[in-house]
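Architecture at a glance
Here's the letter readout for the chains.
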Amino acid sequence: MPLPIASARSLKHTRRVICEGFKREDGLWDIEAHLIDTKTFSMDYKDRENGIIPPGEPLHGMSVRITIDMDLNILDAVASMDYTPFSGCKQITEAYKQLIGLQIARGFTGKIKSLFSGRGGCTHLLELLGPLATTAFQATHQERELAENFWQDGDKKPPMLDTCHALAANGPVVKEYWPHFYEHDNKIIPTNSVKATESTDEF
């Protein structure tokens, strides 16, 4: 269902966030996130050429790339800034090497906030790390499911169950795809199933 018809208005600001996941030939994964902010009007900025940012030229143009394995361990990380409001912004990109060694799993959001909030990072790069993490999860999701046999009638509860409304254990999707874990009268069948692993979709 589309959004309802809006009132009369004029566009002032556009933020584009694009996230992509790539499987590499060496078996690792590159996950990239890009953020671009543009205005429909000119802005005065001393650090820009001629002291102005013309309409359509990015105010922010920033990217992050991480390299991960199938366990969502971050093996490499790099950040770049093509457009910034201040020349000093680019000095912080090397700080994002601190992502190396982290795992995208429960608690990831807290870790990146402690590393990159305030003076320790860039507000916009920090904002990118959230969708970057979920893109990493989604890009590798199918292959990890196949490797761990989540879609088979085994005793291992798929970790995505109960992570959203559609995947509620007492809902029609689970009843269709995982009937052996469908909740009926607040009970899960079979009763000897192992405890579900925590979903890495909740960071």
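On a predicted model such as this, the values are computed, not experimentally measured, just so you know.

Let's talk about the overall build of the protein chain
Helix and strand content of the protein chain: 3 helices and 8 strands. Reading the protein chain from its N terminus to its C terminus gives the helix and strand order β-β-β-β-β-β-α-α-α-β-β. The buried share of the protein chain, reckoned over its 203 residues, is 37%. A fraction of 52% describes how many contacts in the protein chain between residues 6 or more apart in sequence connect residues 24 or more apart. Total accessible area on the protein chain stands at roughly 12500 Å², and carbon and sulfur atoms take up 52% of it.

Section: the environment of isoleucine 18
Topologically, isoleucine 18 is positioned in strand 1 (residues 13–23). Classification of isoleucine 18 as partly exposed rests on a relative accessible area of 47%. For the pair isoleucine 18 and isoleucine 36, spaced 18 residues apart in sequence, the C-alpha separation works out to 8.8 Å.

Quick look at the pattern of salt bridges
All chains considered together, the criterion is met by 8 salt bridges. In this structure, glutamate 57 engages arginine 48 in a salt bridge whose closest nitrogen and oxygen atoms are separated by 2.7 Å. Of the residues examined, glutamate 57 reaches a relative accessible area of 27% and is grouped as partly exposed. For the salt bridge of lysine 97 with aspartate 76, the shortest nitrogen-to-oxygen distance reads 3.6 Å. Residue lysine 97 is located in the loop between strand 6 (74–83) and helix 1 (108–116), and its partner aspartate 76 is located in strand 6; the two are separated by 21 residues in the primary sequence. For lysine 97, a relative accessible area of 34% puts it in the partly exposed group. For aspartate 76, a relative accessible area of 35% gives the class partly exposed. Three or more residues are tied together by salt bridges with common partners; here these are Arg15, Asp37 and Glu127.

Focus: the side chain of threonine 140
One can find threonine 140 in helix 2 (residues 123–148). In terms of polar contacts, threonine 140 uses its side chain to reach the backbone carbonyl oxygen of alanine 136, at 2.8 Å. Non-local contacts of threonine 140, meaning those with residues more than four positions away in its chain, are made with Trp29, Ile68 and Leu72.

Digging into helix 1
Where helix 1 is concerned, the buried positions are Phe108, Ile112 and Phe116. For helix 1, the angular spread of buried residues about the axis comes to 40°, placing them on one side.

What about the packing of aromatic side chains?
Any two aromatic rings considered together are summarised by their centre-to-centre distance and by the angle between their planes. Per the stated rule, a full pass over the model turns up 3 aromatic pairs. Ring centres of tyrosine 45 and phenylalanine 86 lie 5.8 Å apart, and the angle between their planes is 65°; this geometry places the pair in the edge-to-face category. Remark: phenylalanine 86 occurs in the loop between strand 6 and helix 1 and tyrosine 45 occurs in the loop between strand 3 (43–44) and strand 4 (52–53); sequence separation between them is 41 residues. For the cation-ring pair, arginine 144 lies above phenylalanine 137, with the distance from its terminal atom to the ring centre recorded as 4.6 Å.

Rules used in this analysis
- Residues numbered from 1 in each chain as written.
- Predicted model: local features only at pLDDT ≥ 70, side-chain atom pairs only at ≥ 80, totals over all residues.
- Heavy atoms only, no water.
- Helix = DSSP H or I, 4+ residues; strand = E, 2+ residues; numbered from the N terminus.
- Buried < 20%, exposed > 50% of the residue type's maximum accessible area, 1.4 Å probe, protein only.
- Contact = heavy atoms within 4.5 Å.
- Areas by Shrake-Rupley, 256 points an atom, 1.4 Å probe, with all protein chains shown as cover.
- Salt bridge = Lys/Arg side-chain N within 4 Å of Asp/Glu carboxyl O.
- Polar contact = N/O pair within 3.5 Å; in protein donor to acceptor, adjacent residues only side chain to side chain.
- Arc of directions from axis to C-beta.
- Phe/Tyr/Trp six-rings, centres within 6.5 Å; stacked < 30°, edge-to-face > 60°.
- Lys NZ or Arg CZ within 6 Å of the ring centre and 35° of its normal.

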